[in-house]
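One-letter residues, chain by chain:
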Amino acid sequence: MSPSVHVCQAGSCRRNGSEAVLLEIEELANALDGECKVKGSGCLGLCSRGPAAVSVTEGREQRSHVNLDSLEASANVVETATGTKPRLDDPGLLTRLSGVRAMRMREQAISQYRWNGALNSILDEVQDKAKRGKSSGDLERLLAEVLVKSGFKNPPFDTMPSKIEDYTQWTLEDVTKLTRHSAVFHFKSNDRKRGTPNPRGGGRSPPKPKTWHTTLLGEVGKNEEGPLPWVERDYTPISGALEWERGTCDILIKIYKDGAATSWLHRVLTAWEASGRPDAGLKVWLSKPVLTLSVPYLVSGDAASFSPASVLLLLAGTGIVAMPQVLHHRDPYGKIGISVPKRHQLHVPVDMVFSCRADDVLMLDEITERCKEASEYANTEPKPPQINKGLRNCTLLLTDAKASAENSPFPNVTCSANDLNDLKSLPNAEVLESRLSLEIVRGALAKMPEPCRVVVSGPSAFNQAARNMLLEERVSDEAITILEA
């Protein structure tokens, strides 16, 4: 077996320049005698330490590589896979790779309306070129263009602008506190510039079905992520595309004490509630919708090796937001507002394993409803051909709760064991006090018609553990989609 390297091309790794890392590793591997296969991969579950890659030796020994932020780090990946140290003194190689990482990072940021990240990358490169006495005229022109998009012309960047390209202001209408740590924020907008997940009309081709997300600007003031007075965080709404087009959006957010965006949001929410929830409401900036996964393949982009005969969701924590967006494609006309050919509708069995803390069970009512929907449908005769509803099977895994509600953002919200009784009573659902295990993954896979697409979404540690379990069960990398949550 030839050695190989798999470079993550998803999520935070891509934002941190993994396209350039892939190019670097390809160039370094091609310069060596012998064959080393290098290819991009889906998320490897190492989101908090990206860019990341996995090397596989001839003896099939795998090793994860994280924080690939230099050419030397990329060379180390190739050396681990092949046993040969690449040369880094080739002037032609260094010329080809010079500046590629910064260019890819800013291109990715601009394509997803992340103006703070884009400006940060541009400014870093301008400063680097100035130190080396090189001209940065093109970069300075790009800097001016992105500044205009972000609503500024010149420093200082100490207040929020009145207009930001590809963003609109949304008003907080209400908050549904689900647990001591998490809540659903209900937003409303009348601004037609908010865009749509499914552009149509005007001579366009029919919209392609997809899952999607939006970027929220946390107005934190001066910060280390860029020169602008905000931080940028991606969220997947639990409401559908049709609701977005009608001007409403529901976002599930877990408040982290040390999270820059969520701690800011909790502060302004507390102030808004303390002032009696004035009609003017709390306003936030949300970007136009951005593609997450194409449907029915459930992969990033359009390329897919197969159309799944079933879908297994392995979710943890706020990764549960993947569930409603996937299930919306059971009824694309009713939930998404577009007509989709049957071959692109997600009428295949969908099962879910969801892991969460016992005091932070998210979206329990919807999980129960989706299980009921499938259970009732299973007993309906005759069934429409090629139609499936809800969650065919669901396993809820409860891990230990935090010992105290002290310092939690919503201390007065309680969850009791009785809240789970409806779910426990269903024939297609089970509740276990357990973490995700190889045995649970194996049992879930055994029920899935092949070929099965496995979608994993949760914290980095969960994603990495789930991926390793799937690979141990000989699920191919091509069948695994991992989303950071």
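- As annotated in an unreviewed UniProt entry, the protein chain carries the name FAD-binding FR-type domain-containing protein and comes from Triparma verrucosa.

**Looking at the sheet that holds strand 13 (residues 350-357)**
Point 1. Reading across from one edge, 15-14-13-12-16-17 is the order of the six strands in this open sheet, with parallel pairing throughout. Taken across any chain shown, the strands that pair with only one partner, and hence form the sheet edges, are strand 15 (429-432) and strand 17 (480-484). Taking the axes of each pair of neighbouring strands and ignoring which way they run, one obtains an average angle of 10° across the sheet.
Point 2. With six bridges connecting them, strand 12 (residues 310-316) and strand 13 associate as parallel partners.

**Some remarks on the state of the cysteines**
Point 1. If you walk through the whole model with that rule in mind, you get zero disulfides.
Point 2. Just so you know, C13 is unpaired, no disulfide at all, and the nearest cysteine sulfur is the one on C8, 3.7 Å from it.
Point 3. Relative accessible area serves as the criterion here: at 2%, C13 is assigned to the buried category.
Point 4. Between C36, a cysteine without a disulfide, and C8, which holds the nearest cysteine sulfur, the sulfur-to-sulfur distance is 18 Å.
Point 5. Take C36: its relative accessible area is 11%, and that puts it in the buried class.

**Side note on helix 15 (residues 460-472)**
Note that an α-helix has 3.6 residues per turn; residues three or four places apart therefore point the same way.
Point 1. Taking 1.5 Å per residue as the helical rise, helix 15 with its 13 residues ought to reach 18 Å, and the 18 Å between its terminal C-alpha atoms agrees with that figure.
Point 2. Regarding helix 15, the residues found buried are F462, N463, A466, R467, M469 and L470. All buried residues of helix 15 lie within an arc of 165° about the axis, which places them on one face of the element. Opposite the buried face of helix 15, by more than 90 degrees, sit the exposed residues A461 and E472.
Point 3. R474, located one to two residues past helix 15, shows a positive phi value of around 65°.

**Overview of the pairing of strand 9 (residues 248-254)**
Point 1. Counting buried residues in strand 9 gives five out of seven residues, a clear majority hidden from the surface.
Point 2. Across seven bridges, strand 6 (residues 182-188) lies against strand 9 in antiparallel orientation. Bridge pairing links F185 to I251 in strand 9.

**Concerning the pattern of salt bridges**
Point 1. For the coordinates displayed, the defined rule picks out 18 salt bridges.
Point 2. Notably, a salt bridge pairs R442 with E473, separated by 3.0 Å at the nearest N-O pair. With R442 in helix 14 (residues 438-446) and E473 in the loop between helix 15 and strand 17, the pair connects residues that are 31 residues apart, well separated along the chain.
Point 3. Relative accessible area serves as the criterion here: at 41%, R442 is assigned to the partly exposed category.
Point 4. Since its relative accessible area comes to 24%, E473 is described here as partly exposed.
Point 5. Overlapping salt bridges bring together R15, R114, D234 and E484 as one network.

**Structural notes on the environment of P156**
Point 1. Within the element layout of this structure, P156 appears in the loop between helix 7 (137-149) and strand 5 (167-177).
Point 2. Residue class for P156 comes out exposed when judged on its relative accessible area of 56%.
Point 3. P156 sits 71 residues away from P227 along the chain, and the two C-alpha atoms are 9.0 Å apart.

Procedures and definitions
- Residues numbered from 1 in each chain as written.
- Predicted model: local features only at pLDDT ≥ 70, side-chain atom pairs only at ≥ 80, totals over all residues.
- Heavy atoms only, no water.
- Pairing = 2+ DSSP bridges.
- Helix = DSSP H or I, 4+ residues; strand = E, 2+ residues; numbered from the N terminus.
- Axes fitted to C-alpha atoms, helices over the stretch in contact; angles between N-to-C directions.
- Disulfide = S-S within 2.5 Å.
- Buried < 20%, exposed > 50% of the residue type's maximum accessible area, 1.4 Å probe, protein only.
- Expected span 1.5 Å × (residues − 1).
- Arc of directions from axis to C-beta.
- Salt bridge = Lys/Arg side-chain N within 4 Å of Asp/Glu carboxyl O.

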